[in-house]
Amino acid sequence: MSGGVDLHSHTTASDGALAPRELVRLAARHRVRVLAVTDHDSTDGLPEALQEATVHGIEIVPGLEINCDVPGSEIHVLGYYVDWRAEWFQDFLRAQRAERAARVHRIVERLTELGLPLTAEEVFAICKEGSPGRPHVAQAMIKRGYVKSVREAFDRWLHANGPANVPRRRLTPVEAVAVIRRAGGVPVFAHPGLADRDAIIPELVEAGLAGIETFYPEHSAAQIQAYRQTCRRLGLVATGGSDYHGPHTGRATTLGSPHVPLEVWEDLKRKAHELKSTHEPANRTRQSDEHTRGPREPDSPPPITGYPRP
Ligand code: AMP
Ligand code: ZN
Ligand code: FE
Ligand code: FE
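Read on for an overview of the structure. None of the values given here were measured: they were computed from a predicted structure. (Residues numbered from 1 in each chain as written. Chains lettered and ligands numbered in written order. Predicted model: local features only at pLDDT ≥ 70, side-chain atom pairs only at ≥ 80, totals over all residues. Heavy atoms only, no water.)

**Observations regarding the coordination of the zinc ion (ligand 2)**
Distances from the zinc ion (ligand 2) to its protein donors, Asp15 (OD), Asp15 (OD), His40 (NE2) and His245 (NE2), fall at 2.0 to 2.7 Å. What the 6 donor atoms of the zinc ion (ligand 2) show is an angle range of 52 to 164 degrees at the metal, which sorts the shape as irregular. Positions of the donor residues of the zinc ion (ligand 2) along the chain correspond to the pattern D-x24-H-x204-H. The metal-metal distance between the zinc ion (ligand 2) and the iron ion (ligand 3) is 5.7 Å. Placement of His40 in the loop between strand S2 (32-37) and helix H2 (46-56) and of His245 in the loop between strand S7 (237-240) and helix H11 (262-277) is noted, with a sequence separation of 205 residues between them. Here His40 and His245 have matching classes, each one buried. (Donors = N, O, S within 2.8 Å, 3.2 Å for Na, K, Ca; no water. Tetrahedral: all angles 85-135°; square planar, octahedral: opposite > 155°, others 65-115°. Helix = DSSP H or I, 4+ residues; strand = E, 2+ residues; numbered from the N terminus. Buried < 20%, exposed > 50% of the residue type's maximum accessible area, 1.4 Å probe, protein only.)

Written out as structure tokens, the structure is:
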């Protein structure tokens, strides 16, 4: 098979600018042959992407991205080939999005206190049915004339240590990895170069991490080498993708770039197969669920703990 591989992209189901259908059409124009759709806490873009992909002969890898806070930074966890249609998993994603909406309320309160009055309704009008997040807050801030760009909104107010950022109340990175494994998926540490928390890798591997996003627009050649080596050493898949969000989203990446070798997709599929063959479906209770906080009831969402916060 010729054509590119891109294992990280977003649609209007989260904070991307393109509808799933438009994203897949763009992928076709960019000669991307394997595209993972990895919206934040949502798989709602997948049915439309899968449908459009058949027209273009594109292979869609079902995925998602879960953003977690850690002191002073953020850890994003990608999940590939999850059993996304499982009812408990959709319940889990709905709970994630409910906390995203609650966080938007907390962020606009903070902004208002800081002298930038904003309402949650203005933010929700932008993200519509999608998974709300700070990029939508940033766009509402542009509309109000507080900032000129999404980038400026993040740089001045919304970044991890920014004055208007408020922490999430769900899921540690270890829990994010565990929930993806429980859904039969392949958990991957997204863009670790941005997180600057490589020390967490052993703990995530212990929790079931199966890959590290190695090929990434903002990773240097040295970082790519280092993560490839880490992956080889730990038996992880070195994945990669553009993290494409579409135009005017404050992120100037190109779909299908950087180049990701086709073998990466083959490694990912092999890993998914390997994990699924040893995987016990999440709707069964077992003794060891005690420490991984697995579901107690058939088809029930896994209990989620919040962060210990001051
Ligand atoms: P949230 O969903 O609230 O965690 O917001 C995370 C998203 O914000 C990321 O997936 C990026 O799309 C976007 N983002 C993070 N940092 C920046 C930045 N400096 N400029 C533009 N967008 C950013
Ligand atoms: Zn995003
Ligand atoms: Fe991310
Ligand atoms: Fe992303």
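**A few points about the coordination of the iron ion (ligand 4)**
The protein atoms that coordinate the iron ion (ligand 4) are His8 (NE2), His10 (NE2), Glu65 (OE) and Asp243 (OD), at distances of 2.1 to 2.3 Å. Between the 4 donor atoms coordinating the iron ion (ligand 4), the angles at the centre fall across 76 to 168 degrees, so the site counts as irregular. Taken in chain order, the donor set of the iron ion (ligand 4) reads H-x1-H-x54-E-x177-D. In this structure, the iron ion (ligand 4) lies 4.5 Å from the zinc ion (ligand 2). Of this pair, His8 sits in the loop between strand S1 (4-6) and helix H1 (20-29) while Glu65 sits in strand S3 (residues 59-70), placing them 57 residues apart in sequence. Across the pair, Glu65 and His8 agree in class, each one buried.

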